[in-house]
Amino acid sequence: MQMADSVFMFLATMMVWLMTPGIALFYGGMVKSKNVLNTAMHSYMPLAVISILWVLIGYSLSFSPGNTLLGGLDWVGLKDVGFQPGPYSETIPHSLFMLFQMTFAVLTVSIIAGGIAERMKFSAFLIFTILWSLLVYAPVAHWVWGGGWLAQLGTLDFAGGNVVHISSGVAGLVLAIMVGKRKESGDSAPHNLPLTFLGGSLIWFGWYGFNVGSALTINAVAMTVFVNTAVAAAAGIIGWLIVEYMANKKATLLGAVSGAISGLVAITPACGFVTPASSIIIGVVGGAVCFWGVFFLKNKLGYDDALDAFGLHGIGGTWGGIATGLFATTSVNEAGGNGLFYGDFNLLWKQLVAIIATYIFVAVVTYVLAKVINVFVPLRVSDEDESMGLDLTLHGEKAYHESI
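Computed from a predicted model, the values in this text were never measured in an experiment.

Check the secondary structure of the protein chain and you find 15 helices and 0 strands. Projecting the C-alpha coordinates of the protein chain onto the three principal axes gives extents of approximately 60 × 50 × 40 Å. Counting across all 404 residues of the protein chain, residues that qualify as buried make up 58%. In the protein chain, the proportion of contacts linking residues at least 24 apart, taken out of those at least 6 apart, comes to 75%. Across the protein chain, 16 positive and 21 negative side-chain charges occur, with their mean positions spaced 10 Å apart.

This brings us to the side chain of aspartate 304. Assignment of secondary structure puts aspartate 304 in the loop between α11 (276-301) and α12 (309-327). A polar contact of 2.8 Å, which involves the side chain of aspartate 304, links it to the side chain of arginine 182.

Quick look at empty space enclosed by the protein now. Enumeration over the complete set of coordinates arrives at 2 cavities of 30 Å³ or more. The computed volume of the largest cavity comes to approximately 50 Å³. Taken together, Lys32, Lys34, Asn35, Glu118, Arg182, Lys183, Glu184 and Glu386 make up the lining of the largest cavity. In terms of residue class, the lining of the largest cavity is made up of no nonpolar, 1 polar and 7 charged. In this structure, the second largest cavity spans a volume of roughly 40 Å³.

Let us look at the packing of helix α2 (residues 36-44) against helix α3 (residues 46-63). Close contact between α2 and α3 brings their axes to 6 Å; oriented N to C, the two are set at 15°. What the angle tells us is that α2 and α3 run roughly parallel. Along its contact with α2, which presents Met41, His42, Ser43 and Tyr44, the element α3 presents Pro46, Leu47 and Ala48. In the contact of α2 with α3, the residues fall into 5 nonpolar, 2 polar and no charged.

Counted by the stated rule, this structure contains 7 salt bridges. A salt bridge links lysine 32 to glutamate 118; the nearest nitrogen and oxygen atoms lie 3.8 Å apart. One end of the pair, lysine 32, is in the loop between α1 (3-28) and α2; the other, glutamate 118, is in the loop between α4 (94-112) and α5 (122-145), and 86 residues separate them in sequence. The two residues lysine 32 and glutamate 118 agree in class, both being buried. A salt bridge links lysine 183 to aspartate 383; the nearest nitrogen and oxygen atoms lie 3.7 Å apart. Of the two residues, lysine 183 is situated in the loop between α7 (161-179) and α8 (193-212) and aspartate 383 in helix α14 (residues 383-388); the sequence distance between them amounts to 200 residues. Under the relative-accessibility criterion, lysine 183 is labelled exposed at 55%.

With that out of the way, let us pick up the layout of surface pockets. Taken as a whole, the largest pocket spans an internal volume of roughly 660 Å³. Together, 26 residues line the largest pocket, and Ser188, Val294, Phe295, Lys298 and Asp308 are the ones closest to its centre. Mapped by element, the contributors of at least two residues to the lining of the largest pocket are α9 (220-248), α10 (253-267) and α11. Examining the composition of the lining of the largest pocket, we find that 4 residues originate from one element, α11, more than from any other. Residues that form the lining of the largest pocket fall into these classes: 13 nonpolar, 7 polar and 6 charged.

Next up on the list: the side chain of threonine 103. Along the chain, threonine 103 turns up in helix α4. Ignoring any residue separated from it by four or fewer positions in sequence, one finds threonine 103 in contact with Thr13, Val16 and Trp17.

On to the environment of lysine 121. Structurally, lysine 121 can be placed in the loop between α4 and α5. Separated by 256 residues in the primary sequence, lysine 121 and valine 377 place their C-alpha atoms 8.5 Å from one another.

Here the focus is the packing of aromatic side chains. Centre-to-centre distance and the angle between the planes together describe a pair of aromatic rings. Considering all chains together, one arrives at 26 aromatic pairs under this definition. Measuring from ring centre to ring centre gives 5.4 Å for tryptophan 240 and phenylalanine 291, while their planes differ by 90°; the resulting arrangement is edge-to-face. Residue tryptophan 240 is found in helix α9, and its partner phenylalanine 291 is found in helix α11; the two are separated by 51 residues along the sequence. Classification of tryptophan 240 by relative accessible area gives buried; the value is 2%. Phenylalanine 291 gets classed as buried once you look at its relative accessible area, which sits at 1%. Grouped by ring-pair contacts, the aromatic residues Trp54, Tyr59, Phe63, Trp75, Tyr88, Phe97 and Tyr137 constitute a single cluster.

About the thresholds
- Residues numbered from 1 in each chain as written.
- Predicted model: local features only at pLDDT ≥ 70, side-chain atom pairs only at ≥ 80, totals over all residues.
- Heavy atoms only, no water.
- Helix = DSSP H or I, 4+ residues; strand = E, 2+ residues; numbered from the N terminus.
- Buried < 20%, exposed > 50% of the residue type's maximum accessible area, 1.4 Å probe, protein only.
- Contact = heavy atoms within 4.5 Å.
- Lys, Arg positive; Asp, Glu negative; His and termini not counted.
- Charge placed at Lys NZ, Arg CZ, Asp CG, Glu CD.
- Polar contact = N/O pair within 3.5 Å; in protein donor to acceptor, adjacent residues only side chain to side chain.
- 1 Å grid on protein atoms, 1.4 Å probe; cavity = no way out; pocket = protein on both sides within 12 Å on 5 of 7 lines; lining within 4 Å.
- Points joined across faces, edges and corners; volume = space filled by probe spheres on them.
- Nonpolar A, V, L, I, M, F, W, Y, C, P; charged D, E, K, R; others polar.
- Axes fitted to C-alpha atoms, helices over the stretch in contact; angles between N-to-C directions.
- Parallel < 35°, antiparallel > 145°, perpendicular 65-115°, else oblique.
- Salt bridge = Lys/Arg side-chain N within 4 Å of Asp/Glu carboxyl O.
- Phe/Tyr/Trp six-rings, centres within 6.5 Å; stacked < 30°, edge-to-face > 60°.

So this is what it looks like as C-alpha cells:
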C-alpha cells in the first residue's frame, strides 16, 4: 500500500462527495422559488439513503465476485472490506475504494432527480431511489467495472459514461414521461441563476476527483485525465455558446455552465484513453449536441425533462461513449484500446453495444419500477400541491421569506 495513492484517493473521494450538494444547488436555482428546497432534497437525500444501502449490499452486488450480470454477496455489510488493499487496487485500502465508488452511486441517483423536478412525490422518489440503486445501478456497474459481460467484451468506460451518465439520463427521461409535464412548464425560467452558477462550479471542481480519481493512482494516465477533463469542460462551454449564439443571438451564463457540464459528461468515459487534442474535439461537440438535446430534441418530442437530466447526461454520455470508440489510443493508456481513428473499428462497435444495452436495460427496469411504485404510492403530487409549491406542501418550509 502506498501513502501517496491513499491520500490522493481520500481527496478524490471527498471531491466527488461535494458534487452531490453541488447538483442540489445547480438544480435548485433552476426551478421556481416555491420548489427550490424540494428539488434540492431530491438530489441531497441519496447521500443518506444510498450511503447506507451501499454499505449493506450495494457495493457487494456491484463489485464482489459473481457472474457476468451481477456481483455476489461476499461483501455484504462490508465483510472482508477493510484497510488492506482489495482486488481493484494494490496501493489503497479496500474500504477507501468502496467509499470512492459509493460517491458515484449517490451522484447517479441525484442526477435523475432533474428529470422529475417540481412534480414528483418525495416519498415515491425515495422508494424509487432504493429500488433503482439495487436493480439498475448495481448491475450496470458490475457489467462495466465489476468484471461483468461488458468488461469481458472489452468496452471502455473510464469514469462512468454508461454507469453514471447514460443510466441516470435515461432513467430521468423515462420518469419525466411517466410522471407527465409540469402544470406550469411553460413558465420555467430559473429563479436564481447565481445559485445555479455556484452549484455548477462545485460540480466542475468535484469532477476532477470524479475523473482523475478513477485512475486510482498518481501516474501518467492520471495526469492526462486531469488535463483532458479541464480542456473538455472549457471546450464544452465554447461548443454550447457557439450554437446558442447562432440560435438565439445571445450567450448566456446558464448556457456557459451547462456547456461546461456537457463537456465534462462527454469526456468522462474517454478521459483515460484519449489525447488532450481529442478531448477538445469531444468537449466542443459535447456542448453542441447537448444544446441540441436540451432545446431542439426536447421541444420536438414534447417531453418535460425539467432540468435536462437526459439532455445533459444521457446525450452527453452517449456521445462520450461513441467518442471513446473513435479517439481512444493505446499511446495514452496501454490498458485501453485503439479507436476507429487509430485504425481499429472493433472498439467502436463494442462501445455501441454497451450504449444500446444500457439504454434498453435502464429504460425497461425504470419503467417497471415506476409502474409498481405507482400502485402503492402515487408518483405525482396533487394539482393543489403543485400549484402551492412543494417546499411548503411537502416539507413545511420556504426558501425565501418576505421581510417584516
